[in-house]
Amino acid sequence: MTVRFLADENFNRKIVVGLHRRIEDLDLVRVQDVGLRTAEDPEVLEWAAEHGRVLLTHDIQTVPDFAHQRVIAEQSMAGVIVVPALMALASAIEDLELVVGASLDGEWGNHVSYLPLR
């Protein structure tokens, strides 16, 4: 089984579309798709943990801190990948495509990672 994603509310739609075009069986939902449109970060991280989905976000200010708090509190945390908002779209899509191709389900648990990979 491959990595499953949850895209944060303000995650760049062009990255989501680009990933879907490149990866036929991509398992990615957006917070808007699962009823979390206006949810606070802790609630989004809780939902992601319950559903085994790595959160994709541009929010470097608050999401990593909430994610680390979950880990410290020994709460499940499916993982977070922070994509800089100013990262080139093609580079973000390529890096996330590498993540999908080289990851197993659950591998990102309790980790906050940052793009670019290189």
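Refer to the structure printed above.
Undergrad: Lay out the side chain of Thr57 with the relevant residues and their values.
TA: Tracing the backbone through its elements, the reader meets Thr57 in strand 3 (residues 54-57). Here the side chain of Thr57 touches Asp8 through a polar contact of 2.8 Å, side chain to side chain. Within the structure, Thr57 has its side chain in polar contact with the backbone nitrogen of Asp59 (distance 2.9 Å). Non-local contacts of Thr57, meaning those with residues more than four positions away in its chain, are made with Asp8, Phe11, Val63, Val80, Ile81, Val82 and Val83.

Undergrad: I'd like a description of the sheet that holds strand 4 (residues 80-82), backed by residues and values.
TA: Strand order in the open sheet made by the five strands is 2-1-3-4-5, with parallel pairing throughout. Of all the strands in the sheet, the pair left with one neighbour each is strand 2 (28-30) and strand 5 (112-114). Going across the sheet, the axis of each strand differs from the next one's by a mean of 25°, ignoring polarity. Relative to the sheet, helix 2 (residues 41-50) contacts strand 1 (5-7), strand 2, strand 3 and strand 4, its axis offset from that of strand 1 by approximately 160°.

So, how was this worked out
Residues numbered from 1 in each chain as written. Predicted model: local features only at pLDDT ≥ 70, side-chain atom pairs only at ≥ 80, totals over all residues. Heavy atoms only, no water. Helix = DSSP H or I, 4+ residues; strand = E, 2+ residues; numbered from the N terminus. Polar contact = N/O pair within 3.5 Å; in protein donor to acceptor, adjacent residues only side chain to side chain. Contact = heavy atoms within 4.5 Å. Pairing = 2+ DSSP bridges. Axes fitted to C-alpha atoms, helices over the stretch in contact; angles between N-to-C directions.

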